[in-house]
Amino acid sequence: MDPLFPEIPEDFADLDDEALAEFTTSAEDVVAAVTDNAAEYVGEGRTKDDLVTEFGEGVAALKAARTERDKRAGETEPEGDDADEELSATVAQLAADAETASEAEPEEEDDTAPV
């Protein structure tokens, strides 16, 4: 199973501007793709819970990358505030969707049970 997000650095301050922009763009692409069709990313070793966890970690990293980008740009009020709220809402919705899907899945019958 391939990770959803590009490798997440320990500290975004260690990245040069190009690497920071590359990570941000890649992570935003992943967020958009998973938001559009989360079911596509479940399977092949990744459960719904795994997806929600990995997505949440990636979104947290994206927020950190945006904060670093804004800090470097010298912005006193980072533009990421509204975007961060949207990302948090997306993570919450994905988790809720995964929970709803889990509840909707029918239980498999045990064919080996005595009749």
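Residues numbered from 1 in each chain as written. Predicted model: local features only at pLDDT ≥ 70, side-chain atom pairs only at ≥ 80, totals over all residues. Heavy atoms only, no water.

Enquirer: A description of the packing of aromatic side chains should follow, citing residues and the corresponding values.
Expert: A full pass over the atoms with the stated rule returns 2 aromatic pairs. Measuring from ring centre to ring centre gives 6.2 Å for F5 and F55, while their planes differ by 50 degrees; the resulting arrangement is tilted. Of this pair, F5 sits in the segment before α1 (17–36) while F55 sits in helix α2 (residues 48–72), and the two are 50 residues apart along the sequence. Here F5 matches F55 in class, with each residue buried. (Phe/Tyr/Trp six-rings, centres within 6.5 Å; stacked < 30°, edge-to-face > 60°. Helix = DSSP H or I, 4+ residues; strand = E, 2+ residues; numbered from the N terminus. Buried < 20%, exposed > 50% of the residue type's maximum accessible area, 1.4 Å probe, protein only.)

Enquirer: Run through the nonpolar core, naming residues and quoting values.
Expert: In this structure, F5, V34, F55 and L94 are the most contacted members of the largest nonpolar core, which totals 19 residues. For this core, the elements supplying multiple residues, two or more each, are α1, α2 and α3 (80–104). Excluding residues that lie within four positions of it along the chain, F5 makes contacts with A27, V30, V31, E54, F55, G58 and V59. (Core = buried A, V, L, I, M, F, W, Y, C linked by side-chain atoms within 4.5 Å. Contact = heavy atoms within 4.5 Å.)

Enquirer: Go over the pattern of salt bridges with me, naming the residues and quoting the values.
Expert: Applying the stated rule across the entire model yields 6 salt bridges. Across the pair R72 and E68 runs a salt bridge whose closest N-O atoms are separated by 2.9 Å. Of this pair, R72 and E68 both sit in helix α2, 4 residues apart, which is roughly one turn of that helix. Connected through shared salt-bridge partners, D17, E68, K71 and R72 make up one network. (Salt bridge = Lys/Arg side-chain N within 4 Å of Asp/Glu carboxyl O.)

Enquirer: Can you lay out α1 for me, pointing to particular residues and giving the numbers?
Expert: The end-to-end C-alpha distance of α1 is 29 Å, a good match for the 28 Å that 20 residues give at a rise of 1.5 Å each. Within the sequence span of α1, burial applies to L20, F23, T24, A27, V30, V31 and V34. Buried residues of α1, seen end-on, are gathered within an arc of 130 degrees and therefore sit on one face of the element. Counted as exposed and oriented over 90 degrees from the buried face of α1: D17, E18, E22 and D36. The N-capping residue of α1, defined by a side-chain oxygen 3.2 Å from the backbone nitrogen of E18, is D16. (Expected span 1.5 Å × (residues − 1). Arc of directions from axis to C-beta. Polar contact = N/O pair within 3.5 Å; in protein donor to acceptor, adjacent residues only side chain to side chain.)

Enquirer: Pulling in residues and values, what's your account of the packing of α1 against α2?
Expert: Put simply, α1 and α2 touch, their axes get as near as 9 Å, and they point 145 degrees apart. The way α1 lies across α2 gives a crossing that is left-handed. Judged by residue contacts, D17, L20, F23, T24, A27, E28, V31, V34 and T35 of α1 engage L51, F55, V59, A61, L62, A65, R66, E68, R69 and R72 from α2. Within the contact of α1 with α2, the residues separate by chemical class into 11 nonpolar, 2 polar and 6 charged. (Axes fitted to C-alpha atoms, helices over the stretch in contact; angles between N-to-C directions. Left-handed = near helix turned anticlockwise from the far one by under 90°. Nonpolar A, V, L, I, M, F, W, Y, C, P; charged D, E, K, R; others polar.)

Enquirer: Account for the confidence of the model for the protein, with residues named and values stated.
Expert: Here the protein averages 81 in pLDDT, while 74% of its residues score no lower than 70. Here α3 stands out as the element of the protein with the lowest mean pLDDT, 67, in contrast to α1, whose mean of 94 is the highest. (pLDDT = per-residue confidence, 0-100.)

Enquirer: Please set out the side chain of E54 residue by residue, giving values where relevant.
Expert: Relative to the helices and strands, E54 is located in helix α2. Among the polar contacts listed, one links the side chain of E54 to the side chain of R46, at a separation of 3.1 Å. Among residues more than four places away in sequence, those in contact with E54 are P3, L4, F5 and R46.

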